[in-house]
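Okay, here's what each chain looks like letter by letter:
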Amino acid sequence: MPSASSAASQPPRPVPSRLWRDGDFRKLWFGQTASQLGEHAALVIVPLFAVLTLHADAGQLGVLRAVGQAPILLLSLFVGAWVDGWRTRTVMVLTDLARTLALGAAAVAGLLGRLGLPTLLVVAFAVGALSVFFDVAYQASVVRLVERDQLVRANSALEGSRSAAQIGGPALGGALVSLLSAPVAAASGALFFALSFLSIRRIQRTESVPERSERSPRVWRRIHEGLRFVVGDATLRAVCLASGAFQLSFAAMMTVYLLFLPRELGLSGTAVGLVLAATGPGALLGSVLAARLPSRFGYGAVLVSAAALGDGVFLCVAALHGSSAMRVPALLAVSFVFGAGGQLVNVTVMAVRQAVTPDGMQGRAAATITFVGMGLTPLGSLLGGFLAEEWGLRTALLATAAAMLLSPAAMALSPLARLGRALPGGRDAPPTA
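Residues numbered from 1 in each chain as written. Predicted model: local features only at pLDDT ≥ 70, side-chain atom pairs only at ≥ 80, totals over all residues. Heavy atoms only, no water.

Draft legend 1. Fine view of the pattern of salt bridges. Evaluation of the coordinates by the stated rule reveals three salt bridges. Between R99 and D96 there is a salt bridge, and its shortest N-O distance comes to 2.8 Å. Pair noted here: R99 and D96 are both in helix α5 (residues 88-111), with a separation of three residues, about one helical turn. For R99, a relative accessible area of 0% gives the class buried. Salt bridges sharing partners connect three or more residues here, namely E39, D96 and R99. (Salt bridge = Lys/Arg side-chain N within 4 Å of Asp/Glu carboxyl O. Helix = DSSP H or I, 4+ residues; strand = E, 2+ residues; numbered from the N terminus. Buried < 20%, exposed > 50% of the residue type's maximum accessible area, 1.4 Å probe, protein only.)

Structure below.
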């Protein structure tokens, strides 16, 4: 559609003051930002808790990460259709409260020495499942809280903070574990969910909830329409394939990486946190470059080269030896390059997806791509743990880092590589049953 294409083809503009004068939107933005930081910080805090406090081995860590990621595969499509019939403020407030209690209870049990791996598995699954509900609800809430002429800018503000949290949250989690103990870091992660709860519960605007008649058949029809639309578009199929390849290999690599840094390279908790935190400045650079490079060099060229550079840089890690004085600067550089390349790819892919998707299909297209991509992360985590046990940490890290290059290879062989300096136009959505 022309409106979606033209809006997505322009660099992000400053959010107008009229939007920020809306108190309810400010509360939503602050709550969503705090929630995303807590969610992505917990993705590192919980595994490091297992490694540093419970001395989990590679197989146990792979299972833990897979359990925390499984709700994306199991629930995302259904939650996306289910949330439409509920007040999103209620869903977000309840999930924030439940995640605060879950992480807080884990922190208290850890401080008392009463937290074992089975309980940590339950906490990881609960936080992951609740995060699926929150993530879907906050995206649906924008349409109900913001005037239609402000939707693009409101989504830009929310998606910007979400993308930054995806890169910076794990770095924050690693830093918290390094500066504090793992149980205290878990309590700090719970604080972010509590801040989100306090902010979102203050939203005053009354939502209009759609009628729930014939809810079950409509859920299945809408899921099928989203799947059919994505499968029928060559560009979106390529995004799905590249996303799936990246998420599978990245989940495997990160499982090995979180063991490799302290056990193979002998890094302290502080050094691990510092290395992970370096992705944050890299992501900031990637956001700046995303507003300039695609229109100058072409969207396809930027996507393939940024993905190849950002993913391929981890091949250097398996070759590291020597003193920590040499290893830490090299790892900082790796994290910085990965953060810059990853954020550049994230922003550019989002613009492409929005450009080729009509307004009425945006949510379902995003959910379908998330389902295909992020749904593979549990398998990747299990694979990483298996390879680390069978092949050793260094060989497993080299293999999983090499596998990450499958994502830019998929882009290079797809219509994505042929995109020029202008975004493609969208096609019509399929008729709704």
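Having put the structure on the table, let's press on.
Draft legend 2. Representation of the packing of helix α3 (residues 23-53) against helix α8 (residues 182-200) in the model. For the pair α3 and α8, the least separation of the axes is 8 Å and the interaxial angle reads 165°. Our classification of the angle between α3 and α8 gives roughly antiparallel. In this structure, α3 meets α8 at a crossing whose hand is left-handed. On α8, the residues touching K27, F30, G31, Q32, A34, S35, L37, G38, E39, I45, F49 and T53 of α3 are A182, P183, A185, A186, G189, F192, F193, L195, S196, S199 and I200. Taken together, the residues of the contact of α3 with α8 break down into 13 nonpolar, eight polar and two charged. (Axes fitted to C-alpha atoms, helices over the stretch in contact; angles between N-to-C directions. Parallel < 35°, antiparallel > 145°, perpendicular 65-115°, else oblique. Left-handed = near helix turned anticlockwise from the far one by under 90°. Contact = heavy atoms within 4.5 Å. Nonpolar A, V, L, I, M, F, W, Y, C, P; charged D, E, K, R; others polar.)

Draft legend 3. Local environment of the environment of V230. Assignment of secondary structure puts V230 in helix α9 (residues 215-231). With a relative accessible area of 2%, V230 lands in the buried category. Sequence-distant contacts of V230, defined by excluding residues within four places in its chain, comprise L236, R237, C240, A365, T368 and I369.

Draft legend 4. Structural context of the side chain of T235. Within the secondary structure, T235 sits in helix α10 (residues 234-264). Overall, the relative accessible area of 12% leaves T235 in the buried class.

Draft legend 5. Seen up close, the nonpolar core. Counting 63 residues, the largest nonpolar core has M253, Y257, L261, F314, V317 and L331 as the members making the most contacts within it. With near-sequence residues (within four places) excluded, Y257 lies in contact with V275, L276, F314, V317, L331, S335 and L397. One finds F229, L303, A306 and A351 within the second-largest nonpolar core, a separate group that totals 28 residues. (Core = buried A, V, L, I, M, F, W, Y, C linked by side-chain atoms within 4.5 Å.)

Draft legend 6. Examining the packing of aromatic side chains more closely. In this structure the tally under the stated criterion is four aromatic pairs. Considering the side-chain rings of F314 and F338, the 5.1 Å spacing of their centres and the 70° angle between planes classify their relative orientation as edge-to-face. Here F314 is found in the loop between α14 (299-312) and α15 (324-356), whereas its partner F338 is found in helix α15, with 24 residues between them in sequence. Side by side, F314 and F338 carry an identical accessibility label, which is buried. (Phe/Tyr/Trp six-rings, centres within 6.5 Å; stacked < 30°, edge-to-face > 60°.)

Draft legend 7. Highlighting α5. With 24 residues, α5 should cover 34 Å at 1.5 Å per step; its first-to-last C-alpha distance of 35 Å lies within 8% of that length. In the stretch just after α5, G113 is the one whose phi turns positive, near 75°. (Expected span 1.5 Å × (residues − 1).)

Draft legend 8. Representation of the environment of S178 in the model. Mapped onto the elements, S178 comes out in helix α7 (residues 151-179). Spatially, the C-alpha atom of S178 lies 5.5 Å from that of G273, the residues being 95 residues apart in sequence.

Draft legend 9. Summary view of a nonpolar patch on the surface. A cluster of nonpolar side chains, F30, L191, L195 and L198, forms an exposed patch at the surface whose accessible area comes to about 360 Å². Here the element with the most residues in the nonpolar patch is α8; it accounts for three residues. If you trace the backbone, L191 turns up in helix α8. (Patch = residues over 30% accessible without salt bridge, like charges linked within 9 Å, V, L, I, M, F, W, Y side chains within 5 Å. Areas by Shrake-Rupley, 256 points an atom, 1.4 Å probe, with all protein chains shown as cover.)

Draft legend 10. Fine view of the side chain of Q247. Note on placement: Q247 falls in helix α10. Residue Q247 is classed as buried on the basis of its relative accessible area, which comes to 15%. Once you skip the residues sitting within four places of it in the chain, Q247 turns out to touch G373, M374 and T377.

Draft legend 11. Region of the structure containing unusual backbone geometry. The phi angle at H55 is positive, at roughly 55°, despite the residue not being glycine. Inspection of the secondary structure puts H55 in the loop between α3 and α4 (58-82). The exposed category is assigned to H55, whose relative accessible area is 61%.

Draft legend 12. Expanded view of the packing of α5 against α8. Across the interface, α5 lies against α8 with an axial gap of 8 Å and an inter-helix angle of 160°. Taken together, α5 and α8 sit at an angle that is classed as roughly antiparallel. Crossing geometry of α5 relative to α8 is assigned as left-handed. In contact with R89, M92, V93, D96, L97, R99, T100, L103, G104, A107, G110 and L111 of α5, α8 contributes P183, V184, A186, A187, G189, A190, F193, A194, S196, F197 and I200. Of the residues that constitute the contact of α5 with α8, the class distribution is 15 nonpolar, five polar and three charged.

Draft legend 13. View of α10. With 31 residues, α10 ought to run about 45 Å at 1.5 Å a step, and its terminal C-alpha atoms sit 43 Å apart, in line with that. Across the 31 residues of α10, 24 count as buried, placing the element largely inside the fold. Capping the start of α10 is the job of one residue whose side-chain oxygen sits 3.0 Å from the backbone nitrogen of T235: D233. (Polar contact = N/O pair within 3.5 Å; in protein donor to acceptor, adjacent residues only side chain to side chain.)

Draft legend 14. Fine view of the confidence of the model for the protein. Confidence along the protein averages 80 in pLDDT terms, with 82% of residues attaining 70 or more. Low pLDDT, under 50, characterises residues 213-217; the stretch is placed with four contacts to residues that sit more than four places away or in other chains. Note on residues 428-433: pLDDT under 50 across the span, and 14 contacts to partners over four residues away in sequence or across chains. (pLDDT = per-residue confidence, 0-100.)

Draft legend 15. Structural context of the environment of A403. Its place among the elements puts A403 in helix α18 (residues 393-403). Along the chain, A403 and A245 lie 158 residues apart, while their C-alpha atoms are 8.1 Å from each other.

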